[in-house]
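Now for the letters of each chain:
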Amino acid sequence: MAVPLSKQIYSIVRKTVISREVPSRLGPLGGFFNGNIRNASTYKAAVLKEFRKPLEIENVSAPKKIQKDEIRVKVVNCAVNASDIMICDGEAESSLKLPFTPGFEIAGEILECGSEAAAEGFNVGDRIVGLNKDNHGGFAEQCVISMKDAWQAPSSVSYKKCVSLADSYATALIGLARRAHLKEGDSVLITAAAGGLGLAAVDIASHVYRAKVVGVCSTSDKSSLVREKGAWAALVFNPHDLEVTVKDVSKGKGMKVVFDAVGGDVFTASLKTVAHEGTVIVAGFASRQVPQLLLSELLQGSYSILGVSLSYYRSKDPEVYRDTVQDVLDMCEQGLISPHISQDFDLENVNEAMEYMRARKSSGKVIINLCDS
């Protein structure tokens, strides 16, 4: 039986007993109605009505009822992720129908709990983090999510930091710890190192596991940020420079772990840096170029290529999914990790946030502000 990730890193994540203050049950509006806060019948949301067109801010009607296992959230912040851009641009495989409100990574306060969610310990007024990848709806002042995709947010961690942790940091932690079995002192190459997922991997590898990290990014200013985040070296992508740097860092042995979220030419070049019996983690394709690899190429080096998807763990191994997100929240509360927020935008400027992402100006996370905390 596989040991849950949270137990594997128990000595790192839970060195101290974590105590959380019991949140006020009064909640954001200061009172109860049949056990729940009085909710507005309408709220503002950014709505996609046509692919490749700007989102429209409008008032939408709140669902009158939620299911037993659901939670209604007053959204304080929502992260903008690459998948949101792809969905809005009509470039992602999705069964979602228009009109549609994007955004799946949220943080906020509970307005209402279904009976099953309440039995699991969720209460009106609690601060929570959520990943709403089934229904999205996070670019709005309210959102309804499943209790299976919600976690109690540490009282000492801001909503903006909380909303920057769950998706990217949990994905990085599963890839590095569970799949690659990263250990202290290992050498790690991380591509797209200034992106949300890349910086999360740099942060975890360098600060939690004290690995020797080489970050690869697209511009020199971003490489400075990667070094500030803990990387031993950071460079703008160039196959020759990458090979030289890796030889220097690894003393000619190659990188024990390669964490790639780019694909395309970057992935191809990164394969040449893997050490004997090293591990390549495939975590995404930011270049939107899926590399083609002949199986015969695996015979040219004894290394493993593994994939990691948080969504897949959600459906196939929900215990690991929930444990891992809880682990990164605990790590942040203890000061082991700290997400980088590139820019935040108010809801009225949501289209500016989308263009900011499309232009690849971001480093770390881009956040939408929905309500006051």
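The rules behind the values
- The numbers attached to residues start from 1 for each chain and follow its sequence in the written order.
- Local features are withheld for residues below a pLDDT of 70 in this predicted model, meaning they are given only at 70 or higher, and side-chain atom pairs are given and counted only at 80 or more; totals for whole chains, interfaces and linings count all residues.
- Values shown for side chains rest on all heavy atoms present in the structure; no hydrogens or waters enter the calculation.
- The way it works is that DSSP assigns letters per residue, a run of H or I at least four long becomes a helix, a run of E at least two long becomes a strand, and they are numbered from the N terminus.
- Burial status follows relative accessibility: with a 1.4 Å probe on protein chains alone, a residue under 20% of its type maximum counts as buried, one over 50% as exposed, and anything between as partly exposed.
- Accessibility throughout is a Shrake-Rupley quantity obtained with a 1.4 Å probe, and a residue counts as covered only by protein chains that appear here.
- Strands pair, by our definition, only if DSSP identifies at least two bridges between them.
- For crossovers, right-handed means that the path from the first strand over the helix to the second runs clockwise, given strands pointing away from the viewer.
- Only the stretch in contact is used when fitting a helix axis, every axis being a line fitted to C-alpha atoms; angles between N-to-C directions are given from 0 to 180 degrees.
- We call two residues contacting when some pair of their heavy atoms lies within 4.5 Å.
- When a carboxyl oxygen of Asp or Glu lies within 4 Å of a side-chain nitrogen of Lys or Arg, that pair is called a salt bridge.
- Any angle that is under 35 degrees is reported as roughly parallel, and any over 145 degrees as roughly antiparallel; angles of 65 to 115 degrees are reported as roughly perpendicular and all others as oblique.
- The residue classification treats Ala, Val, Leu, Ile, Met, Phe, Trp, Tyr, Cys and Pro as nonpolar and Asp, Glu, Lys and Arg as charged. All others, Gly included, are polar.
- We define the nonpolar core as a collection of buried residues of types Ala, Val, Leu, Ile, Met, Phe, Trp, Tyr and Cys that are connected through side-chain atoms lying within 4.5 Å of one another.
- Expected helix span is given by 1.5 Å per residue-to-residue step, counting one fewer step than there are residues.

The name given to the protein in an unreviewed UniProt entry is Quinone oxidoreductase-like protein 2-like protein, with the source organism recorded as Frankliniella fusca.

Moving on, we come to the overall build of the protein. Helix and strand counts for the protein stand at 13 helices and 15 strands. Out of the 373 residues in the protein, the part that is buried amounts to 53%. For the protein, the accessible area works out to roughly 17500 Å², and carbon and sulfur atoms hold 49% of it.

The next point concerns the pairing of strand β12 (residues 274-282). Across the 9 residues that make up β12, a large majority, 7, are buried. Where strand β11 (residues 255-260) meets β12, 5 bridges bridge the pair, whose relative direction is parallel. Along β12, the bridge assignment pairs M255 with V274. Remark: the β11/helix α10 (residues 264-271)/β12 crossover connection has right-handed handedness. Where β12 lies against strand β13 (residues 304-307), 4 bridges are found, and the strand directions are parallel. From the neighbouring strand, I281 faces β13, where its bridge partner is L306.

Right, let's get into the sheet that holds strand β9 (residues 212-217). Judged by pairing direction, the sheet is parallel, and its 6 strands sit side by side in the order β10-β9-β8-β11-β12-β13 without closing on themselves. The outermost strands of the open sheet, each flanked by one partner alone, are β10 (233-236) and β13. Taken pair by pair, the neighbouring strands of this sheet meet at an average axis angle of 15°, ignoring direction. Here helix α7 (residues 196-208) sits on the sheet and contacts β8 (187-190), β9 and β11; the angle it forms with β8, its principal contact strand, is near 170°.

Here we come to the pattern of salt bridges. Per the stated rule, a full pass over the model turns up 14 salt bridges. Between E348 and K44 there is a salt bridge, and its shortest N-O distance comes to 3.7 Å. You can see E348 sitting in the loop between β14 (341-346) and α13 (350-358) and its partner K44 sitting in strand β1 (residues 42-47), a full 304 residues away along the chain. Overall, the relative accessible area of 35% leaves K44 in the partly exposed class.

Turning to unusual backbone geometry, a few remarks are in order. Backbone phi values are negative for most residues with the exception of glycine, while trans is the configuration of most peptide bonds. Omega for the bond connecting L98 with P99 falls within 30 degrees of zero, at -5°, which places this linkage in the cis form. By the secondary structure assignment, P99 is in the loop between α3 (82-88) and β4 (105-113). Of note in the backbone geometry, H136 takes a positive phi value of approximately 55° without being a glycine. Locating H136 in the fold gives a position in the loop between β5 (127-131) and β6 (142-146). Even without being glycine, H181 reaches a positive phi, approximately 55°.

Now for the packing of helix α6 (residues 166-179) against helix α12 (residues 318-333). Two elements in contact, α6 and α12, have axes whose closest approach is 9 Å; the angle formed by their N-to-C orientations is 105°. What the angle tells us is that α6 and α12 run roughly perpendicular. In this structure, α6 contributes A166, Y169, A170, L173, I174 and R178 to the contact, and α12 contributes V320, T324, V325, D327, V328 and M331. When its residues are assigned to classes, the contact of α6 with α12 shows 9 nonpolar, 1 polar and 2 charged.

Moving on, we get to the nonpolar core. Ranked by internal contacts, the top residues of the largest apolar core, which has 60 residues, are L176, I190, I204, V226, F259 and I337. Beyond its immediate stretch of four places on either side in the chain, L176 contacts H181, L182, V188, A201, I204, A205, V257 and F259. Counting residues in each nonpolar core, the second largest holds 34 residues, with L48, C88, C113 and F345 among its members.

Let us look at the environment of I174. You can see I174 is positioned in helix α6. For the pair formed by I174 and V325, sequence separation is 151 residues and the distance between their alpha carbons is 9.7 Å.

On to α12. Taking 1.5 Å per residue as the helical rise, α12 with its 16 residues ought to reach 22 Å, and the 23 Å between its terminal C-alpha atoms agrees with that figure. Buried within α12 are the following residues: V320, Y321, T324, V325, D327, V328, L329, D330, M331, C332 and E333. Residue G335 follows α12 closely and has a positive phi angle near 80°.

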